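Architecture and fold: a report
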Amino acid sequence: MKLIPLYDVIILPDVTFYFKKEIVDEWQTSDFKEGEEIVFAILKSDVDLKEAKASDISEIGVKAVVEIVDAERDIKIVTKERVTILNCKKGENGIFDAEVELRPETKDISDEEAGERFDKIKSEYLKFIQQYQWGLWARSFMIHWKNMNELCCSMSSYFVITPEEKYKIVEIDSEKERFDYIENIAYEFMEMAKVHNEAEDEQQKANESIYRESALKKQIDILQKQLDEMHPENISDVRMFQKKIEESGMNEQARREAEKVLNRMKHEGQDGHEYGMLYDYLDFATALDWKKKEAESIDLSKAEEVLDKDHYGLKKVKDRIIQQLAVMALNKKQSGSILLFVGPPGTGKTSIGQSIAEALGRKYVRISLGGIRDEAEIRGHRRTYIGAMPGRIMEGIKQAGSSNPVMVLDEVDKLVHDFSGDPASALLEVLDPEQNFSFTDHYMNVPYDLSDVFFICTANSLGTIPEPLLNRMEVINFSGYTAVDKFNIAKKHLVPKAMKMAGLKKKQINITDTAIRKIISDYTAEAGVRGLKKRIDDVMRYAAVKVVKGEEKISVKPDMLHEYLGKRGIIREEVPSSFVPGIVTGLAWTEAGGEILYIETKKVKGQGKVIITGQLGDVMRESVEIALTIVRGMLPEETKDIEKLDIHIHVPEGAVPKDGPSAGITIVTALTSLFTKKKVDPHIAMTGEVSLRGYVMPIGGLTEKLMAATRAGVKKVFIPDRNEEDLEDIPDEVKEKLEIVSVKKITDVLSSLGLK
């Protein structure tokens, strides 16, 4: 018997099918005869009929009879009963032939029940197609259904079921079970179609509403803009901020947050208790520059000219800044390390940031971090708190009015870390180029790109800066100024500025070079020039009084300074002409520059106590213990009765705290002098940490210490040999006044002084 394979359709008994010529051609046969019996079988998978094999055909099929074959080869086929396919073969012509046997069915539903239920579902389908306007073709199609099997086969292409479920309908032996199964699928299809149509209707209504609302808003916006142009003085806060948000260039996240706050402000009304807070937020957010700046061209020659014009000396510092600018010029973006300028007050750390901004053509902003103890000062307060404010970083961005200013973070070494918070840790995100492109201020609650900001930090010392923060920065040391440097700075910068501030002209006052040098030597004692500036300002103000009283020309000479600045200047400490045994001149570094430091020792009868005075820190006290051990090891004979003595070690100026390891060799030398009863020349100073093995370890602040030595009249200085490289940074005028001796071990110092 000829077998016709089909896929993804439902073929059931007692159904009439009409097949067109095109479909018959797909079956690769055209020799159907009226009255001929054929078998329809379902393919197990979706394969091409030409490629199908007997193993692809399912076990159960439906027997059918060809009733009509017209002239156009369109045929009418009526299905009969289900059959089991026993043997199926594919001929050379590609047509399948099969042996079948009748597959019995269980007649467990009456014709009356089946008829009633079928009529009901058919009626539901006719109502369904009328309600959802399927058209007359569908009604004429459905009106000819005679039973549930015809309904199922006709609607099989519409039912949302799998090919396996379609085959299951054919496979069911029980007529009642098959009827129930088809009925369930048919009702489910109608419900799904209803839900789908209802959803489409709702969506269409929603879209229409959205389109209408959008059109109305556009009309309102056009009218509102025309009114705003006609009466700009009457523009509302909401409209003003709406316009600012549109023009701000905010990123998507910031725009969403601003629009959300604007909507709250609109509904709150001017009388609402949150209106002021919402207004402040929008006023701040829209005042920021959100637009990414294009990479600017950097003129290194101009930058060098600006730096040289504004600052005298500082060659290494300027060279490093020019290197940073060159890297930025090549990369066309902000790049390179975060610079940390470290040095005494008044050495130009902050002002050089202003020169960098001028050289780059950028805005300049300075933020003082001294004394900040709350990290909210950096990150901002959350808006849920009363009186919430943005952090200082974002305030600085607003103040600059630019997204790429030169921002100087002043005094990062004076941040406070206590129970209130850790602002230094909050700075990590600000300064880290891997994070600051999305810095989120708590007040703003949206990310802001800080990657284009040129950050410069300043500090007087490194000791109080946390290590993680210090690692993100490159330290550039600012050394103190020599007397020659101060003179040139005064002539080129301080005097002209002071004259301008006082309202004086060049023809009205002349301050002689010798007067300037006397102010430097007798009225200032600092590493920087801040005190020098104050003294010159004092001179100019005093001169201004004389000019107003009628004097036409004033000449300031050295012998007149007591009149302008007072009779008593700075009492500069100079080393005495001689010492008794046990006293040695040392050198110390402070945040204000270098100082000389006398180590005084004395032994008296006692019980082996060591008395330490002069407000020394823990590190310096440890240096005393190390020194005693070294001296006892080197001078066993001289120190044999030390248990019967009390050793008193004192560092003068007891009101000033002192700490650090660099006085190690000075303490050893002083104790050696004490026990050997040999004097040490006061004009010989020394600095260096000493180890228990007697090695002299390197120290910091060498430039400031040597400058202090020259001011005090020291002639010879011992330094650690590992600090010899630092001598390159020492001004020539300092090195010319000192005999600098590098030593490796403490015995080298003692031998040179004749103490060993």
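Residues numbered from 1 in each chain as written. Predicted model: local features only at pLDDT ≥ 70, side-chain atom pairs only at ≥ 80, totals over all residues. Heavy atoms only, no water.

Another point: the pattern of salt bridges. As enumerated under the stated definition, the model contains 43 salt bridges in all. One salt bridge in this structure joins Arg117 and Glu113, with 3.1 Å as the shortest N-O distance. Of this pair, Arg117 and Glu113 both sit in helix α2 (residues 111-131), four residues apart, which is roughly one turn of the helix. Arg117 sits in the buried class, given a relative accessible area of 18%. Of the charged contacts in the structure, one is a salt bridge between Arg117 and Asp180, with a shortest N-O distance of 2.6 Å. With Arg117 in helix α2 and Asp180 in helix α6 (residues 175-230), this pair connects stretches of sequence that are 63 residues apart. Using a relative accessible area of 27% as the deciding quantity, one classes Asp180 as partly exposed. (Salt bridge = Lys/Arg side-chain N within 4 Å of Asp/Glu carboxyl O. Helix = DSSP H or I, 4+ residues; strand = E, 2+ residues; numbered from the N terminus. Buried < 20%, exposed > 50% of the residue type's maximum accessible area, 1.4 Å probe, protein only.)

What follows concerns helix α8 (residues 252-268). For α8, built from 17 residues, the straight-helix expectation of 24 Å at 1.5 Å per residue is met to within 8% by its first-to-last C-alpha distance of 24 Å. Check the buried side of α8 and you find it contacts α7 (237-248) and α9 (275-287). The distance from a side-chain oxygen at the start of α8 to the backbone nitrogen of Gln253 is 3.2 Å, and the residue carrying that oxygen is Asn251. With its phi angle positive at about 80°, Gly269 sits one or two positions after the end of α8. (Expected span 1.5 Å × (residues − 1). Contact = heavy atoms within 4.5 Å. Polar contact = N/O pair within 3.5 Å; in protein donor to acceptor, adjacent residues only side chain to side chain.)

Close contact between helix α18 (residues 513-523) and helix α19 (residues 530-549) brings their axes to 10 Å; oriented N to C, the two are set at 125°. On the basis of the axis angle, α18 is oblique to α19. Relative to α19, the crossing made by α18 is right-handed. Between α18 and α19, the residues in contact are Ile519, Ile520 and Tyr523 and Leu532, Arg535 and Val539, respectively. Of the residues contributing to the contact of α18 with α19, the split by class is five nonpolar, no polar and one charged. (Axes fitted to C-alpha atoms, helices over the stretch in contact; angles between N-to-C directions. Parallel < 35°, antiparallel > 145°, perpendicular 65-115°, else oblique. Left-handed = near helix turned anticlockwise from the far one by under 90°. Nonpolar A, V, L, I, M, F, W, Y, C, P; charged D, E, K, R; others polar.)

Here five strands make up an open sheet; going across it, the order is β8-β9-β12-β7-β13 and the pairing parallel. Among the strands making up the open sheet, the edge pair consists of β8 (364-368) and β13 (473-477). Neighbour-to-neighbour, the strand axes of the sheet open up by a mean angle of 25°, direction not taken into account. With four bridges joining them, strand β7 (residues 338-342) and strand β12 (residues 454-459) adopt parallel strand pairing. Of the residues in β12, the one forming a bridge with Leu340 is Cys457. (Pairing = 2+ DSSP bridges.)

As a further point, take the sheet that holds strand β17 (residues 593-605). Taken in spatial order, the seven strands make up an open sheet running β18-β19-β17-β16-β20-β23-β24, and their pairing is mixed. Edge positions in the sheet fall to β18 (610-613) and β24 (739-743), since each of these pairs with one other strand and no more. Averaged over all neighbouring strand pairs, the angle between strand axes comes to 25°, with direction disregarded. The pairing of β18 with strand β19 (residues 645-650) spans four bridges and is parallel. Along β19, the bridge assignment pairs Val610 with Ile647. Relative to the sheet, helix α22 (residues 664-676) contacts β16 (583-590), β17, β19, β20 (684-686) and β23 (716-720), its axis offset from that of β17 by approximately 35°. Sitting on the sheet, helix α23 (residues 702-712) touches β16, β17, β23 and β24, and the angle it makes with β17 is about 75°.

Turning to a negative patch on the surface, a few remarks are in order. Taken together, the side chains of Glu198, Glu200, Asp201 and Glu202 make up a negatively charged region of the molecular surface. Within the secondary structure, Asp201 sits in helix α6. Residue classification places Asp201 among the partly exposed positions, given a relative accessible area of 42%. (Patch = residues over 30% accessible without salt bridge, like charges linked within 9 Å, V, L, I, M, F, W, Y side chains within 5 Å. Areas by Shrake-Rupley, 256 points an atom, 1.4 Å probe, with all protein chains shown as cover. Lys, Arg positive; Asp, Glu negative; His and termini not counted. Charge placed at Lys NZ, Arg CZ, Asp CG, Glu CD.)

Before going further, it helps to examine a nonpolar patch on the surface. Together, Trp137, Phe141 and Tyr158 make up an exposed nonpolar region whose accessible area comes to about 330 Å². In this fold, Phe141 is placed in helix α3 (residues 136-143).

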